[in-house]
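Listed here are the chains, written in short residue letters.
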Amino acid sequence: MASIATGGGDEGDTGVLGSGRLPKNHSRIEAYGSVDELNSEIGVIIAAGNPPHASGGHNLPESIRTQLERIQSLLFDLGSDLAQPGCGQENGPAPRIGSSHADQLTTWIHEWEAALPPLKNFIIPGGSLNAALLHRARTVCRRAERKTVRFLNEAAEGHSAVVFLNRLSDLLFLQARAANQAEGIQDVPWIAEESGSD
């Protein structure tokens with residue numbers, strides 16, 4: 001078996017399907033690299049929420065785990081879309097992730113909203129470990145969204161990556177709240193500093 005350590009990227013560039021090589025800090029690489037980072041964050045949530053011999057309230061709720069496992073596969077597809085030059089353009093490769101996938105996330109969002117008490121104040125990341133990890137993934141998702149917006153504005157590629165990531169960050173926020181609720185832990189309220197305080 002060939003080694004993955006080819007040395008081909010030692011000069012700071014990397015191969016892109018159908019597009020030769022690009023600098024590793026190119027906006028395309030930044031976009032799909034951030035999606036890959038988000039996928040890894042979600043993998044950590046799943047693993048941390050299913051510790052061996054766990055007992056009690058540290059397990060990730062099965063409903064959240066099932067959704068996250070599906071999302072990981074979708075993020076892999078989304079990264080492939082972002083990695084393919086011309087994806088979504090006329091005569092370009094058809095994107096794997098489209099509006100139906102964002103619609104699925106929206107359906108899950110509505111289901112969680114119906115199951116959770118309405119928020120009466122802003123909350124900060126925290127509570128249970130599962131919730132804190134989900135909040136962290138939400139912020140990584142927002143970064144991936146920002147990098148993807150920048151790239152798509154430059155490339156003028158027309159697929160649903162930004163819509164999908166925008167919905168996903170909302171879903172992760174609600175899953176974090178649901179993880180706290182499952183463990184009987186209150187969301188952490190934001191307590192604003194009064195102006196003029198030292």
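Up top is the structure these notes are about.
Computed from a prediction, not measured in an experiment: that's the story for all the values here.

The rules behind each value
- Residues numbered from 1 in each chain as written.
- Predicted model: local features only at pLDDT ≥ 70, side-chain atom pairs only at ≥ 80, totals over all residues.
- Heavy atoms only, no water.
- Helix = DSSP H or I, 4+ residues; strand = E, 2+ residues; numbered from the N terminus.
- Buried < 20%, exposed > 50% of the residue type's maximum accessible area, 1.4 Å probe, protein only.
- Contact = heavy atoms within 4.5 Å.
- Areas by Shrake-Rupley, 256 points an atom, 1.4 Å probe, with all protein chains shown as cover.
- Patch = residues over 30% accessible without salt bridge, like charges linked within 9 Å, V, L, I, M, F, W, Y side chains within 5 Å.
- Salt bridge = Lys/Arg side-chain N within 4 Å of Asp/Glu carboxyl O.
- Expected span 1.5 Å × (residues − 1).
- Core = buried A, V, L, I, M, F, W, Y, C linked by side-chain atoms within 4.5 Å.
- Phe/Tyr/Trp six-rings, centres within 6.5 Å; stacked < 30°, edge-to-face > 60°.
- Polar contact = N/O pair within 3.5 Å; in protein donor to acceptor, adjacent residues only side chain to side chain.

Participant: Can you tell me about the overall build of the protein, naming the residues and giving the values?
Facilitator: A tally of helices and strands in the protein yields 5 helices and 4 strands. Counting helices and strands in the order they occur from the N terminus, the protein gives β-β-α-α-α-β-α-α-β. Relative to its full complement of 198 residues, the protein shows a buried share of 38%. A sequence separation of at least 24 residues applies to 72% of the contacts in the protein between residues at least 6 apart. Carbon and sulfur atoms make up 52% of the accessible area of the protein, which amounts to about 11000 Å² in all.

Participant: Provide a residue-level description of a nonpolar patch on the surface, including the pertinent values.
Facilitator: Taken together, the side chains of Phe122, Ile124 and Trp190 present a nonpolar region at the surface, about 350 Å² in accessible area. For Trp190, the position within the fold is in the segment after strand E4 (188-189).

Participant: I'd like a description of helix H1 (residues 27-48), backed by residues and values.
Facilitator: Its 22 residues place the ends of H1 31 Å apart at the C-alpha level, agreeing with the 32 Å of an ideal helix rising 1.5 Å per residue. Looking at H1, one finds that the buried residues are Ser27, Arg28, Ile29, Ala31, Ser34, Val35, Leu38, Asn39, Glu41, Ile42, Ile45 and Ile46.

Participant: I'd like to hear about the nonpolar core, residue by residue, with values.
Facilitator: Membership of the largest hydrophobic core comes to 40 residues, with the highest contact counts inside it found for Leu38, Leu68, Ile71, Leu75, Leu78 and Leu168. Elements represented by at least two residues in this core include exactly H1, helix H2 (62-83), helix H3 (99-115), helix H4 (129-155) and helix H5 (161-182). Leave out the neighbours within four places in its chain, and Leu38 touches Leu75, Ala137, Val140, Cys141, Leu165, Leu168 and Leu172.

Participant: Account for the packing of aromatic side chains, with residues named and values stated.
Facilitator: Under the defined criterion, the tally for this structure stands at 1 aromatic pair. Arranged with centres 5.8 Å apart and planes meeting at 70 degrees, the rings of Phe122 and Trp190 form a pair that is edge-to-face. Pair noted here: Phe122 is in the loop between H3 and strand E3 (123-124) and Trp190 is in the segment after E4, with a separation of 68 residues, a long-range link. Taking the relative accessible area as the measure of exposure, Trp190 reaches 47% and is therefore partly exposed.

Participant: Residue-level account of the side chain of Asn39, with values.
Facilitator: Considering the arrangement of structural elements, one finds Asn39 in helix H1. By relative accessible area, Asn39 is classed as buried at 11%. One polar contact links the side chain of Asn39 to the main-chain carbonyl oxygen of Gln72, over a distance of 3.0 Å. Residues in contact with Asn39, not counting those within four places in the same chain, are Gln72, Leu75 and Phe76.

Participant: Provide a residue-level description of H4, including the pertinent values.
Facilitator: The end-to-end C-alpha distance of H4, which contains 27 residues, comes to 39 Å, matching closely the 39 Å that a straight helix rising 1.5 Å per residue would cover. Where H4 terminates, the next one or two residues include Ala156, which has phi positive at roughly 55 degrees.

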